[in-house]
Amino acid sequence: MTSEMTDSIPDRAAAAGRRAGKRERLIAAATRLVHQQGTERTTLADIADAADVPAGNVYYYFKTKDEVIAAVIEAHAQQVKTTLAAIDARHRTAKSRLKAFVREFTDQSEVVAQYGCPLGSLCSELDKRVRQPGLPVAELMRLPIEWAEDQFRSLGRPDARDLAFDLLAAYEGSALLANTMQDPSVLSGAARRLDQWIDTL
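Residues numbered from 1 in each chain as written. Predicted model: local features only at pLDDT ≥ 70, side-chain atom pairs only at ≥ 80, totals over all residues. Heavy atoms only, no water.

Asks: Looking at this structure, I do not really get helix 11 (residues 184-199). What am I missing?
Replies: Residues that lie three or four places apart on an α-helix share one face, since the helix turns once every 3.6 residues. Taking 1.5 Å as the rise per residue, helix 11 with 16 residues should run 22 Å; its terminal C-alpha atoms sit 23 Å apart, in good agreement. All of the buried residues along helix 11 are P184, V186, L187, G189, A190, A191, L194 and I198. Turning to helix 11, the residues buried within the fold contact helix 6 (94-106), helix 7 (109-115) and helix 10 (160-181). (Helix = DSSP H or I, 4+ residues; strand = E, 2+ residues; numbered from the N terminus. Expected span 1.5 Å × (residues − 1). Buried < 20%, exposed > 50% of the residue type's maximum accessible area, 1.4 Å probe, protein only. Contact = heavy atoms within 4.5 Å.)

Rendered as structure tokens:
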């Protein structure tokens, strides 16, 4: 099963019956390559090649690699918002929404074991660079934390913010271990324990 959290822009365009535009293809290729190779190893030429766009055309859409990275962050943020909205629409209770959130991440356990969490890896890598005001990477963690906090608060928990941090930390830690050990079962096992934990709240 493919996670909505990582559906690519070309996949969504194809589902709509059209070929993605050049800018969309560039962002989708950059998102994939940055996840697989990291920001430092990914070049604009790599992105152009993967997007099937002439290398010179990249500069029509993005002047620098940081502009590409900013677009990748925005694409991730929009996909997180879309996924969380879909969870809200499909599930009636806070507990079922929290469990659906956990499933979104475990649905990509094979990819996470191979390359790491797409959001966590990007945040960690960019944190090692000189701070760039145009790269709001913290948004990728803030969005799911604030959403989870709302779920825990609706369960009447006065420690909702702490629980939201605990939930995301449990996932990100498990994703790191799954990637380090190249073992997707680490993430699926963590998901089962998180489900049990949610049931106790």
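Asks: What should I look at first to understand the pattern of salt bridges in this one?
Replies: A side chain of one charge can pair with a side chain of the opposite charge when the charged atoms of the two come close. What the rule picks out here adds up to 8 salt bridges. Between R97 and D88 there is a salt bridge; the shortest N-O distance is 3.8 Å. By relative accessible area, R97 is classed as buried at 14%. You can call D88 partly exposed: its relative accessible area is 34%. (Salt bridge = Lys/Arg side-chain N within 4 Å of Asp/Glu carboxyl O.)

Asks: Quick question: what am I supposed to make of the nonpolar core here?
Replies: Nonpolar side chains tend to gather and get buried jointly when the protein is soluble and globular. One finds I47, I73, F101, L122, L140, F152 and L167 to be the most contacted residues of the largest nonpolar core, which totals 55 residues. For this core, the secondary-structure elements that each account for two or more residues are helix 2 (22-37), helix 3 (44-51), helix 5 (65-90), helix 6, helix 8 (118-127), helix 9 (139-154), helix 10 and helix 11. Among the elements that line this core, the one with the most residues is helix 5, at 9 residues. The residues touching I47, leaving out its near neighbours within four places in the chain, are L26, A29, A30, L33, T42 and V68. (Core = buried A, V, L, I, M, F, W, Y, C linked by side-chain atoms within 4.5 Å.)

Asks: Explain the state of the cysteines here, please?
Replies: Taken as a whole and judged by the stated rule, the model has 0 disulfides. Counting only cysteine sulfurs, C123 is the nearest neighbor of C117, a cysteine outside any disulfide, at a range of 7.9 Å. Owing to a relative accessible area of 3%, C117 belongs among the buried residues under this scheme. Residue class for C123 comes out buried when judged on its relative accessible area of 14%. (Disulfide = S-S within 2.5 Å.)

Asks: Is there a simple way to think about helix 8 in this case?
Replies: Those residues of helix 8 lying buried are P118, L119, G120, L122, C123 and L126. Looking at the buried residues of helix 8, the elements they touch are helix 2, helix 5, helix 7, helix 9 and helix 10.

Asks: Is there a simple way to explain the side chain of S174 in this structure?
Replies: Inspection of the secondary structure assignment puts S174 in helix 10. Relative accessible area serves as the criterion here: at 11%, S174 is assigned to the buried category. A polar contact of 2.8 Å, which involves the side chain of S174, links it to the backbone oxygen of A170. When residues no more than four places from it in sequence are discounted, the contact partners of S174 are V186, L187 and A190. (Polar contact = N/O pair within 3.5 Å; in protein donor to acceptor, adjacent residues only side chain to side chain.)

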